[in-house]
Amino acid sequence: MIRAVPIGIGHYLPARVVENAEFEKTLATTDEWIRDRSGIERRHFAAEGETTSQMAIAAARAALDMAGLAASDIDAIVVATSTPDLTFPSCATMVQAGLGMERGFAFDIQAVCAGFVYALTTANALILSGQARRVLVIGAETFSKIMDWTDRGTCVLFGDGAGALILEAQDGAGDASDRGILATDLNSDGRYRDLLYVDGGVSSSQTTGVLRMEGREVFRHAVEKLAQTAHTALARAGVGADDVDWIVPHQANMRIIARTAQKMGVGLDRVIMTVQDHGNTSAASIPLALSVGVARGQIKTGDLLVCEAIGGGLAWGAVVMRW
Ligand code: UT7
């Protein structure tokens, strides 16, 4: 059986680091509140003129280096982003050009914070159906460009960055001992679209808009839905929570991450945590956490991972893979 196996990972974070204390100068907030309620200590913000595709290209180059591949070895690029450089063309085609890739195909996926899980699922399907042998899957965001800087309930939570993963078609035995993606689960429910959205867009206001969120409500849905989708994906893979070496969650809030792990019966010592340093980077948060987890020496070849995420839509899902 063909499996989509990870062969390279990389990330990019913009140079500017913003500590919580910086927000104390302009907002009725404190470092203590932000740490206590979200676990966030600092985040990176893109420089003036630094775009999502530029960050995606930097992450992609790092992943190609790790895999020992050239851009010409890649068949397809899937970029998960809600903050593309332009309305069109896709960020993915900009990455394709930036890498000097003259063949294959590239497109974006927009499922907000669940974007990387959706992109992985799509890349897996491309590989299993024989349409691509190697897929570069990227999550890249510049959420600092869609913040309302007067809204303390949102602007202290988000950050910018990019992560890239290369998946390659390899033969597997067809059981849970295989490396690669073992199972996926996707969900959405548009009835909840008003809980987390951007209040501008092409066909409505012709503006970019800023992020609006009912934080408490999203929190409630997140804890319930993330444990559920992870459980579904694990069952499809034929494994249990006890078999999981690492949960690699969407990094929105330390309390959501901890409660989800608790519901799954997995200790916090088996959770990759980067939210303290990156904040919520939406679709970039899981590939960033994968890359940092590998760089720290936490994630090793053969480890069983479950990635789970939820965001605007609401859209949520999980991917089980063996590294
Ligand atoms: O990535 C996509 C998915 N997004 C998420 O998963 C985010 C989910 N939600 C959350 O992470 C949390 O709900 C937040 C971190 C956004 C907020 O934490 P909370 O514990 O749910 O706080 P809250 O919204 O219930 O607000 C509690 C209080 C409020 O004051 P009152 O109404 O009790 O007087 C807020 O106005 O905290 C106030 N507050 C703040 N205070 C200081 C909200 N933001 C701040 C702030 N500094 N930055």
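Parameters at a glance
Residues numbered from 1 in each chain as written. Predicted model: local features only at pLDDT ≥ 70, side-chain atom pairs only at ≥ 80, totals over all residues. Heavy atoms only, no water. Helix = DSSP H or I, 4+ residues; strand = E, 2+ residues; numbered from the N terminus. Rg over C-alpha atoms; globule rule 2.2 N^0.38 Å. Buried < 20%, exposed > 50% of the residue type's maximum accessible area, 1.4 Å probe, protein only. Contact = heavy atoms within 4.5 Å. Areas by Shrake-Rupley, 256 points an atom, 1.4 Å probe, with all protein chains shown as cover. Lys, Arg positive; Asp, Glu negative; His and termini not counted. Charge placed at Lys NZ, Arg CZ, Asp CG, Glu CD. Salt bridge = Lys/Arg side-chain N within 4 Å of Asp/Glu carboxyl O. Pairing = 2+ DSSP bridges. Axes fitted to C-alpha atoms, helices over the stretch in contact; angles between N-to-C directions. Domains from an automatic or database assignment. Buried area = accessible area lost by both parts, 1.4 Å probe. Polar contact = N/O pair within 3.5 Å; in protein donor to acceptor, adjacent residues only side chain to side chain. Nonpolar A, V, L, I, M, F, W, Y, C, P; charged D, E, K, R; others polar. Arc of directions from axis to C-beta. Parallel < 35°, antiparallel > 145°, perpendicular 65-115°, else oblique. Left-handed = near helix turned anticlockwise from the far one by under 90°.

So, on to the overall build of the protein chain. Scanning the protein chain from N- to C-terminus turns up eight helices and 13 strands. At 18 Å, the protein chain has a C-alpha radius of gyration in line with the 20 Å of a compact globule built from 323 residues. Judged by the C-alpha coordinates and their principal axes, the protein chain covers about 55 × 45 × 40 Å. Put simply, the protein chain has 323 residues, and 58% of those count as buried. Put simply, of all contacts in the protein chain between residues at least 6 apart along the chain, 75% involve residues at least 24 apart. Total accessible area on the protein chain stands at roughly 12,900 Å², and carbon and sulfur atoms take up 49% of it. The distance from the centre of the 28 positive side-chain charges to the centre of the 37 negative ones in the protein chain is 3 Å.

The full count for this structure, using the stated rule, is 15 salt bridges. One salt bridge in this structure joins aspartate 277 and arginine 42, with 2.6 Å as the shortest N-O distance. Here arginine 42 lies in strand S3 (residues 42-45) and aspartate 277 lies in helix H7 (residues 275-278), a separation of 235 residues in the sequence. You can call arginine 42 partly exposed: its relative accessible area is 21%. Between arginine 236 and aspartate 185 there is a salt bridge, with its nearest N and O atoms 3.0 Å apart. Here aspartate 185 lies in strand S8 (residues 180-188) and arginine 236 lies in helix H5 (residues 215-237), a separation of 51 residues in the sequence. Take arginine 236: its relative accessible area is 52%, and that puts it in the exposed class.

Let us now look at the sheet that holds strand S6 (residues 134-142). Reading across the sheet, the five strands line up as S1-S7-S6-S4-S5 and stay open at both edges, with mixed pairing between neighbours. The open sheet is flanked by strand S1 (2-12) and strand S5 (105-109), the only strands paired with a single partner. Taking the axes of each pair of neighbouring strands and ignoring which way they run, one obtains an average angle of 20° across the sheet. Bridge count between strand S4 (residues 76-80) and S5: five bridges; the pairing is parallel. Bridging across to S5, valine 78 finds its partner in phenylalanine 107. The strands that helix H3 (residues 91-98) touches are S4, S5 and S6; relative to S5, the one it contacts most, it runs at about 140°.

By a widespread convention, an interface's size corresponds to the accessible area lost as its parts come together. The assigned domain composition of the protein chain is domain 1 (2-171) and domain 2 (180-322). One C-alpha centre belongs to domain 1, the other to domain 2; they are set 14 Å apart. Counting residues at the interface gives 53 residues for domain 1, matched by 50 residues for domain 2. Of the roughly 3,900 Å² buried between domain 1 and domain 2, counting both surfaces, carbon and sulfur atoms make up 67%. Here domain 1 is connected to domain 2 by two salt bridges. Joining domain 1 to domain 2, the criterion identifies 16 residue pairs in polar contact (both at pLDDT 80 or more). Here the side of domain 1 that touches domain 2 takes eight residues from S1, the largest share from any one element. Class assignment of the residues belonging to the side of domain 1 that touches domain 2 gives a composition of 27 nonpolar, 15 polar and eleven charged.

With that out of the way, let us pick up H3. Listing the buried residues of H3 in full gives Cys91, Ala92, Val95 and Gln96. Along H3, the residues classed as buried sweep out an arc of 145° about the axis, all on the same side. Contact partners of the buried residues in H3: helix H2 (52-67), S4, S5 and S6. Positive backbone phi, at 75°, marks glycine 100, one or two positions downstream of H3.

Closest axis-to-axis distance for the H2/H3 pair is 9 Å, and the angle between their directions is 55°. Accordingly, the angle class assigned to the pair H2 and H3 is oblique. Crossing geometry of H2 relative to H3 is assigned as right-handed. Two secondary-structure elements touch here, H2 through Thr52, Ser53, Ala56, Ile57 and Arg61 and H3 through Cys91, Met94, Val95 and Gly98. Across the contact of H2 with H3, the residue classes tally to five nonpolar, three polar and one charged.

Counting buried positions over the eight residues of strand S12 (residues 304-311) gives eight, a clear majority of the element. What you see with S12 is no split at all: Leu304, Val306, Glu308 and Ile310 on one side and Leu305, Cys307, Ala309 and Gly311 on the other are buried throughout. Here S12 runs beside strand S13 (residues 315-322); their pairing, made up of eight bridges, is antiparallel. If you follow glutamate 308 over to S13, its bridge partner there is alanine 318. As consecutive antiparallel partners, S12 and S13 are separated by three residues, and within that stretch glycine 313 has a phi angle of approximately 145°, a positive value.

Next up on the list: the environment of aspartate 277. Overall, aspartate 277 belongs to the partly exposed group, its relative accessible area being 25%. On a C-alpha basis, the gap between aspartate 277 and arginine 43 in space is 5.6 Å, while along the polypeptide they are 234 residues apart. Those residues in contact with aspartate 277 that lie beyond four places of it in its chain are Arg42, Arg43 and His44. Of note is the side chain of aspartate 277, whose polar atom sits 2.6 Å from the side chain of arginine 42.

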